[in-house]
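Close look at the chain arrangement
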Amino acid sequence: MSIGEVTLVGGGPGEWDLLTIRGLRALEAADVILTDHLGPASQLEEFLDVSSKELIDVSKLPYGKQVAQERTNELLVEHALAGKRVVRLKGGDPYVFGRGFEELQVCAAAGVPCRVVPGVTSAISVPAAAGVPVTQRGVTHSFTVVSGHLAPSNPESLVDWEALARVGGSICVIMGVRHVREIASTLVSAGLPPSTPAVAVQEGETASQRVVRATASTLADTMESEGIASPAVYVIGEVAGLASAG
């Protein structure tokens, strides 16, 4: 029996039609699809004949986070070694805080062919859905995409938040709802003007999208009072004020 293959597909930030054509073709050819709770996973039956495919929602595996990822890795390899064409459908892009490279390494170690289909990352597209460009001529020439899943005070954090406050570009934070208060206060304490515009977008590029506008100093209070929850992206920088001014 020949070995199958694994394709890591970036599903984009929300609605299924933000999926790339190459990603759609991989899903059409798949025997097994492993999904999570982000991207177009809940909409598969709207654009895909899934009657002959095995769908596995790995976000519901009954394990802790790390063990769940290990089990996901095992499933990718098990099905591919059984000769199946496997798609791992992820939200956004597989290589933007998506653990895609970890899964590719696991496949490589098992001798399983693995390819990657990039996707539209929420770090850029979700702000755009709220009318916010992450760059704008004459306003900023740079933007930083940063994970906020660890607080600035966490010794395991690899982010130099103080340096970000001095860079002067747009700061796009994903997975940072829980730590928004400490993130914003750390940036302000490091020299970012408290009046710097900020915008938070919950469930961007979906029918449930919500947008709130604030400043660096009021962002945490505004998100809390408005009940902004994950998944959400927030942008801190002068570009965040452009949509409200346009």
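It should be emphasised that the depicted structure is a prediction, and the values quoted were computed from it without experimental measurement.

Reading guide: rules and limits
Residues numbered from 1 in each chain as written. Predicted model: local features only at pLDDT ≥ 70, side-chain atom pairs only at ≥ 80, totals over all residues. Heavy atoms only, no water. Helix = DSSP H or I, 4+ residues; strand = E, 2+ residues; numbered from the N terminus. Pairing = 2+ DSSP bridges. Right-handed = clockwise from strand over helix to strand, strands pointing away. Buried < 20%, exposed > 50% of the residue type's maximum accessible area, 1.4 Å probe, protein only. Core = buried A, V, L, I, M, F, W, Y, C linked by side-chain atoms within 4.5 Å.

1. A word on unusual backbone geometry
Backbone phi values are negative for most residues with the exception of glycine, while trans is the configuration of most peptide bonds. A cis amide bond links Ser 230 to the next residue, Pro 231, at an omega of 0°. Located in the positive-phi region is Glu 203, a residue other than glycine, with phi close to 50°. For Glu 203, the location among the structural elements is in the loop between β8 (197–202) and β9 (210–215). Even without being glycine, Glu 205 reaches a positive phi, approximately 65°. The topology assignment puts Glu 205 in the loop between β8 and β9.

2. A word on the pairing of strand β6 (residues 143–147)
Sheet topology note: the β6/strand β7 (residues 170–174) ladder contains 5 bridges and is parallel. In the strand pairing of β7, Phe 143 is matched with Ser 170. Traced from β6 through helix α6 (residues 161–167) to β7, the parallel crossover comes out right-handed.

3. A word on the environment of Ser 2
Inspection of the secondary structure puts Ser 2 in the segment before β1 (5–10). Here Ser 2 falls in the exposed class, since its relative accessible area comes to 56%.

4. Overview of the nonpolar core
In this structure, Leu 187, Leu 219, Met 223, Tyr 234 and Ile 236 are the most contacted members of the largest nonpolar core, which totals 24 residues. Of all the elements in the fold, those that place two or more residues in this core are α6, β7, α7 (180–189), β8, β9, α8 (219–225) and β10 (232–236). In terms of nonpolar packing, the next biggest core, distinct from the first, is built from 14 residues, Val 9, Leu 24, Ala 26 and Phe 47 among them.

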